Amino acid sequence: MKRVVCLGGGPAGLYAAILLRKALPTTSIEVYERNRPDDTFGWGVVFSDQTMDNFRTADARSHTAILSNFHHWDDIEIHFAGRRFVSGGHGFCGISRKQLLWLLQERATELGVRLHFQREVETEAQFQDADLIIAADGVNSMSRERHAAVFEPDLDRRKCRYIWLGTTQKFSAFTFAFERTEHGWFQMHAYQFSRDLSTVIVETREETWKAHGLDGSNTEQSIAFCERLFERYLDGHRLQSNANHLRGSAWLNFLRVQCKRWHDGKLVLIGDAAHTAHFSIGSGTKLAMEDAISLSRHAAAGTNLDQALDAYFAERSLEVLKLQSAARNRTEWFENVERYARLPPEQFAYSLLTGSQRIGHENLRIRDPLFVRGYESWFAHQYGVSAARPPMFLPLKLRGLTLANRVVVSPMAQYCAKDGVPDDWHLVHLGHRALGGAGLLYTEMTCVSPEGRITPGCTGLWNETQRDAWRRIVDFVHERSPAKICLQLGHSGRKGSTQLGWEEMDRPLPAGNWPILAPSSLPYLPGVSQTPIEMTRALMNEVKAQFVRAAHLGRQAGFDMLELHMAHGYLLASFLSPLTNHRGDEFGGEVQARLRFPLEVLTAVRAEWPQEKPLSVRVSATDWADGGLSEEDLLVIARALRDAGVDLIDVSSGQTVPWQKPVYGRMWQTPLADQVRNEIGIATMAVGNIYEPDHVNSIIASGRADLCALARPHLANPAWTLQAAAQEGYTDQWWPQQYLSGKQQLERNYARAAQPGSIGSQARVRDSHE
């Protein structure tokens, strides 16, 4: 490799040039920057200890220079509703962005990198002789735009405006302050990054920004507004701007950047040109410089350039995706401060600390055990419990039903009933999990008619034989455990008459198919699935009566709770989604009309179901497909369900259409449960890739949901809750008397593993620094 050109002289471009120069000492390396050497937007840069370890390995000289200019702090301080909350153990370090640039420029020059400032690059064609062109030209990358057909960028301009300022006020902690105005909330993110200066970022919703006339304000007027609003925290110190070299408003929208590909021939993207992460998790520069480490290593390996750039993308894209997922959660938290401002101040602070879902309850405990202990004690008192305990083991009351804890065995289809009748398999399956300690068990979706089954192996509740079989299971649960059991009722709609789950799922039966129903005659799999019958008013009345009949039989069987399945593209869900409801009558069109039949069923079932027993509804909060349920639709639906007497909404998503594009990850549907709970004011259940006790504790403690449903973890371990209790050191968890000797051994083993110096303890300490 003879020549490398870096387009962009920010930290990413400079660091890539430094590392490549070290690895390829005979290669000509140049950096082209459109601005002057000391122009920069922003004030401070934040790094973690782990990031600094990476820098030390990559280039010890620049690492030492950066480290000598760091300002360290440990605490996060939150000001909200006249209260101040402090959590320690977070271990941040900051440096002036301008100082970082100077240090990297000095190191690059020392190594022989040629730096060109105030040089605008119109096209990469002027570097035809370069072997590698690194596009480090930032969030508004012209290189990315010129090659958009290859990179396929996804640019998401977010809902808040922010202004990045500095001050001589010295913030001793990473400080978040929230102020309500007559038009909405403003929040301040502030931290000290040098001996004399701190960064201050002020952020607010776009509509709030406009309502205050800030869209027509210049930088000086905006600074004066922010100084008045946050004067109690500035203590007389002025705010400053260093963005005079930028065109347009000093108030910006955060732009989330994701690219499907990161290289096109010899042109490769790094840093903000390839991806961005919201400043609230302080990782943009970190990601950019870690990109430079990876790129330089692979580019200098001597392999084919395409292979090297593919390896760079494979290595970095996964780590970036993880951090962008956490950043997305945190971005949405700050976009919706109004939602969380309804929480008690203690829970508001906890929710902020864990809002990225990257820091959980246990991680926070390791960082600041006193903070978590105090919070657990406060939180327990909210539910009438006098002593602190892990949040997942607090009781929950729904109407006349009290659950012993917040763990739910999720509905899981077993596909082995005959004529809809649950048998010994179902008794052992549910009975074993009742003995496993969960507070609430769900039946699989139990169908209200033979034609409403998904498969021939689905359970049903349309006759007394099925009722009696269910009563046998319910009686076992009640007699042998403190667990409660919920009957989930549903109708398959256009997804019915299909093969068993371990066969060709969603495909019609090879023979013996029955007619299927839907709001519109749209097959689930075009060209493969049956075309459903479009429901008439008479068919709607018939189905509604089937739901009422099933609820009556469930009441006789002794179930503690009932849930209506209005999710996953089944019959009632098909009415709700505009992708599956194309009706032109009073049951189609706007969301209020699409709601009409599901609400009719709900109202009729609620009238049949005992008033002292709770009723829940499972919904798909999004279809993960263009043209599907909107965020506004979801809130209209949730509000209507609440007003119709629903006690809890079980918030799932998708499975409406086969071309869905869900975004998976840990606890991936929890933000949807959070939105419904905290905007509508109704209890919710979170589902989806929740598999650790820490997940459950974090979700419950932060107020994102009231219950957590786990499916696959309970398939692998029916005693998941018992094991979690031992792991958490919660010894008051109920166990079957027959298993008490196992309880004692398990508790001893976990207590031993938690001792300082043990392998388990060391693993937790490592996790705390991620």
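Going by the structure above, here's the rest.
Quick caveat, the model's predicted, so the values are computed rather than measured. (Residues numbered from 1 in each chain as written. Predicted model: local features only at pLDDT ≥ 70, side-chain atom pairs only at ≥ 80, totals over all residues. Heavy atoms only, no water.)

Draft legend 1. Spatial organisation of the pattern of salt bridges. Inspection of the entire model under this criterion finds 48 salt bridges. A salt bridge links Glu332 to Arg158, with the nearest nitrogen and oxygen atoms 3.9 Å apart. Separated by 174 residues along the polypeptide, Glu332 in helix H11 (residues 305-335) and Arg158 in strand S10 (residues 153-167) bring together distant segments of the chain. The class for Arg158 is buried, based on a relative accessible area of 13%. The salt bridge involving Arg467 is made with Asp468; its shortest N-O contact spans 3.0 Å. The class for Asp468 is partly exposed, based on a relative accessible area of 35%. Residues joined by salt bridges that share partners form a network here, namely Lys22, Asp59, Arg61, Arg107 and Glu110. (Salt bridge = Lys/Arg side-chain N within 4 Å of Asp/Glu carboxyl O. Helix = DSSP H or I, 4+ residues; strand = E, 2+ residues; numbered from the N terminus. Buried < 20%, exposed > 50% of the residue type's maximum accessible area, 1.4 Å probe, protein only.)

Draft legend 2. Highlighting the sheet that holds strand S16 (residues 263-264). The strand order across the open sheet formed by six strands is S8-S2-S1-S9-S17-S16, and the pairing between neighbours is mixed. Looking along the sheet, the strands with just one partner apiece sit at the ends: strand S8 (114-117) and S16. Across four bridges, the pairing between strand S1 (residues 3-7) and strand S9 (residues 132-135) is parallel. Bridge pairing in S9 places Cys6 opposite Ile134. (Pairing = 2+ DSSP bridges.)

Draft legend 3. The arrangement of helix H1 (residues 11-23) in detail. With 13 residues, H1 extends 18 Å from end C-alpha to end C-alpha; this agrees with the ideal 18 Å at 1.5 Å per step. When you tally the buried positions in H1, you get eleven out of 13 residues, the bulk of the element. Among all positions of H1, only Pro11, Ala12, Gly13, Leu14, Tyr15, Ala16, Ala17, Ile18, Leu19, Leu20 and Arg21 are buried. (Expected span 1.5 Å × (residues − 1).)

Draft legend 4. Broad picture of the environment of Asn513. Secondary-structure assignment places Asn513 in the loop between strand S23 (484-490) and strand S24 (517-518). The spacing of Asn513 and Thr498 is 15 residues in sequence and 7.8 Å in space, taken between C-alpha atoms. Contact partners of Asn513, with chain neighbours within four places excluded, come to Ser497, Pro508 and Gln530. Among the polar contacts listed, one links the side chain of Asn513 to the side chain of Ser497, at a separation of 2.7 Å. (Contact = heavy atoms within 4.5 Å. Polar contact = N/O pair within 3.5 Å; in protein donor to acceptor, adjacent residues only side chain to side chain.)

Draft legend 5. Quick peek at the packing of aromatic side chains. One pass over the structure, following the stated rule, counts 36 aromatic pairs. Measuring from ring centre to ring centre gives 6.2 Å for Phe47 and Phe70, while their planes differ by 65°; the resulting arrangement is edge-to-face. Of this pair, Phe47 sits in strand S3 (residues 44-47) while Phe70 sits in the loop between helix H3 (60-67) and strand S4 (71-73); the two residues are 23 residues apart in sequence, bridging distant segments of the chain. Taken as a pair, Phe47 and Phe70 share a single burial class, namely buried. Pairing Trp73 with Phe92 gives two aromatic rings, centres 5.7 Å apart and planes at 25°, and the pair type is stacked. (Phe/Tyr/Trp six-rings, centres within 6.5 Å; stacked < 30°, edge-to-face > 60°.)

Draft legend 6. View of the environment of Arg752. Checked against the element boundaries, Arg752 lands in helix H27 (residues 740-753). For the pair formed by Arg752 and Val663, sequence separation is 89 residues and the distance between their alpha carbons is 39 Å.

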